[in-house]
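The primary structure of each chain is shown beneath.
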Amino acid sequence: MDDITDDDRYDVAVIGYGPVGMATAALLGRLGHRVVVLERYEGKYNLPRAAIFDDETMRTFAMLGIPDRLLPKLRVQRNYEWMNGAGDLLIEVDFAEVGRSGWAEWYMMYQPDLEDALDAYCQDSDQVDVRFGARVIGVKQSQATVSVTVDGWDRPVLARFAVACDGGNSFVRHALAVPEQDYSFSEPWLVCDFRFRRPVRVPAARQVCDPAQPTSIISLGPDHHRFSFMLDSEASFMTEREPERVWHRVSPYLTRADAELIRAATYTFRSRVAQRWRDGRVLLAGDAAHQMPPFLGQGMCSGVRDALNLSFKLDLVLGGVQPESLLDTFQSERDPHVRAVITKGIELGRVQTVRDPGLAAQRDARLIAARGATPEQISFPPLEAGMLGSGHGAGELFVQGMVSSGPSTGRFDEVAGYGWIVLVRAGLMSEIDTLTDLSAVRVIGVSDVAGLPGVLHDIDGVYTTWLDQHDSDAVAIRPDFHVWGTASGRDTPRLIAEFAALLLGRNLPR
């Protein structure tokens with residue numbers, strides 16, 4: 001492929017084209033920015049790594065319009081069970097068919113299907129230039145640009161900013177000499193992926209807490225499945241990947257007539273966080289910034305959250321609306337969330353991988369005795385230090401429910417659109433008449449009463465309930481679905497004016 005010419009200048013260079021790089025490029029392209037993606041492989045990786053994503057992540061994918069393509073290839077998983085080696089149920093976690101973000105709480109996927117959908121969006125975008133076979137070997141910065149050197153290219157790629165989405169072994173992170181905090185939780189695992197040849201009954205989401213062989217069994221959507229086995233050490237990596245040994249391990253569940261082995265890979269799962277996610281005009285996202293245990297299925301989800309948080313902030317900076325210092329809030333907002341996931345993942349990992357039979361028996365007795373209680377699920381902390389206003393609920397992930405407007409009925413995002421939105425109780429819409437400039441935000445009235453002109457009907461009372469619970473009459477929502485701030489009564493115009501002041505002069509996509 002030809003190099004980039006001197007005339008080519010980009011707003012953002014995205015380094016790495018896994019799901020996080022794809023999402024970052026797609027979201028920035030959607031906002032009208034010129035993006036180049038530099039991927040070292042000659043094509044998409046085309047093998048599964050991640051297996052799960054949640055309702056918040058699907059809400060982001062819906063912003064890109066890809067759920068209709070994805071849904072036939074996904075499995076909605078309603079429960080997650082933990083069993084001991086004797087087959088006793090230790091923990092069972094239920095997941096809602098419709099979660100806080102308006103989609104199913106847990107989707108099982110075959111990652112190449114997701115990458116096909118994200119890649120199609122990027123390839124169809126006039127704003128995104130995807131370059132395969134582009135191995136980055138150098139990154140330099142000036143006051144105004146980032147210069148990215150690609151192996152074998154005569155000229156560097158120039159962009160105003162660069163986002164490194166190049167994985168846990170990130171070249172960019174190493175090149176910038178960014179240290180990592182290691183949580184000292186690393187485990188060697190064998191991960192085996194299969195494509196079904198015929199219908200087979202196997203556990204869809206199960207952790208087997210057997211001290212003799214901790215095992216994870218996870219659906220990868222309707223047609224694929226994953227079996228993972230904890231190993232004693234990295235020294236056995238080569239031999240344990242041999243197909244005959246793999247088939248022996250899965251023989252209680254699968255035969256060669258049932259499925260085709262498509263991948264046997266060995267990994268050391270790690271728990272690390274980069275201490276610096278921004279170095280001038282270069283930012284780290286996804287595994288380049290943080291790695292976490294797989295027990296919560298939040299690795300890729302955390303990277304997609306990075307992409308959404310970073311894309312709307314880069315949009316403001318590239319548009320000259322906010323100073324570059326806004327990008328410092330990327331880490332201050334996302335880092336506590338990532339660390340909460342890592343801490344909980346390590347806690348669950350230590351439960352699952354007890355190897356001492358005596359300690360495992362004690363664990364089993366404790367968990368079986370507590371089985372009647374509702375299992376504690378991961379709770380994501382609200383944003384605290386960053387681009388936030390004030391009021392009850394500021395920093396929370398906002399809900400999504402079903403609404404209608406005239407003949408249109410659907411999820412709020414589908415009906416109202418995306419962007420910078422203020423939701424106001426219908427009775428207070430008149431309070432904003434004195435505001436002169438609302439071009440940067442959309443103010444939308446909502447009521448649980450049907451048929452009111454010019455306002456959304458809150459079909460299930462999701463929004464009126466949320467406002468009641470937060471003692472508020474208006475809520476300002478950021479493009480990443482987090483609450484910027486809330487207000488009550490006559491403070492509503494002030495909330496809207498302050499929210500709009502962040503964005504004046506910006507033409508936002510609807």
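Please refer to the structure higher up on the page.
Residues numbered from 1 in each chain as written. Predicted model: local features only at pLDDT ≥ 70, side-chain atom pairs only at ≥ 80, totals over all residues. Heavy atoms only, no water.

Novice: For helix α10 (residues 357-369), give the residues involved together with the corresponding values.
Specialist: When the terminal C-alpha atoms of α10 are compared, their 18 Å separation across 13 residues agrees well with the 18 Å that a helix rising 1.5 Å per residue should span. Within the span of α10, buried status applies to Ala360, Arg363, Asp364 and Leu367. Each buried residue of α10 lies within a common arc of 100° when the element is viewed along its axis, so the set occupies one face. Among the exposed residues of α10, those oriented more than 90 degrees off its buried face are Gln362 and Ala369. Looking at the buried positions of α10, the neighbouring elements they touch are β5 (79-84), β6 (89-94), β14 (205-209) and α9 (328-352). One side-chain oxygen of the residue at the start of α10 lies 3.0 Å from the amide nitrogen of Gly358, identifying that residue as Asp356. (Helix = DSSP H or I, 4+ residues; strand = E, 2+ residues; numbered from the N terminus. Expected span 1.5 Å × (residues − 1). Buried < 20%, exposed > 50% of the residue type's maximum accessible area, 1.4 Å probe, protein only. Arc of directions from axis to C-beta. Contact = heavy atoms within 4.5 Å. Polar contact = N/O pair within 3.5 Å; in protein donor to acceptor, adjacent residues only side chain to side chain.)

Novice: Just give me the short version of the packing of aromatic side chains, but keep the residues and values in it.
Specialist: Applying the stated rule across the entire model yields 21 aromatic pairs. On the numbers, 6.4 Å between centres and 10° between planes, the contact of Tyr267 with Phe269 is stacked. Centre to centre, the rings of Phe398 and Trp466 are 4.9 Å apart; their planes meet at 85°, and the pair counts as edge-to-face. Of this pair, Phe398 sits in the loop between α10 and β22 (402-405) while Trp466 sits in helix α12 (residues 462-469); the two residues are 68 residues apart in sequence, bridging distant segments of the chain. When its relative accessible area of 2% is taken as the criterion, Phe398 is described as buried. (Phe/Tyr/Trp six-rings, centres within 6.5 Å; stacked < 30°, edge-to-face > 60°.)

Novice: How would you sum up the packing of helix α8 (residues 299-318) against α9? Please name residues and give values.
Specialist: The interhelical angle for the contact between α8 and α9, taken along N-to-C directions, is 160°, at an axis separation of 10 Å. The angle between α8 and α9 falls in the class roughly antiparallel. Crossing hand, α8 versus α9: right-handed. Here α8 contributes Ser302, Arg305, Asp306, Asn309, Leu310 and Lys313 to the contact with α9, which in turn contributes Thr329, Phe330, Glu333, Arg334 and His337. Of the residues belonging to the contact of α8 with α9, the class tally is two nonpolar, four polar and five charged. (Axes fitted to C-alpha atoms, helices over the stretch in contact; angles between N-to-C directions. Parallel < 35°, antiparallel > 145°, perpendicular 65-115°, else oblique. Left-handed = near helix turned anticlockwise from the far one by under 90°. Nonpolar A, V, L, I, M, F, W, Y, C, P; charged D, E, K, R; others polar.)

Remember that the coordinates give geometry; whether it matters functionally is a separate question.
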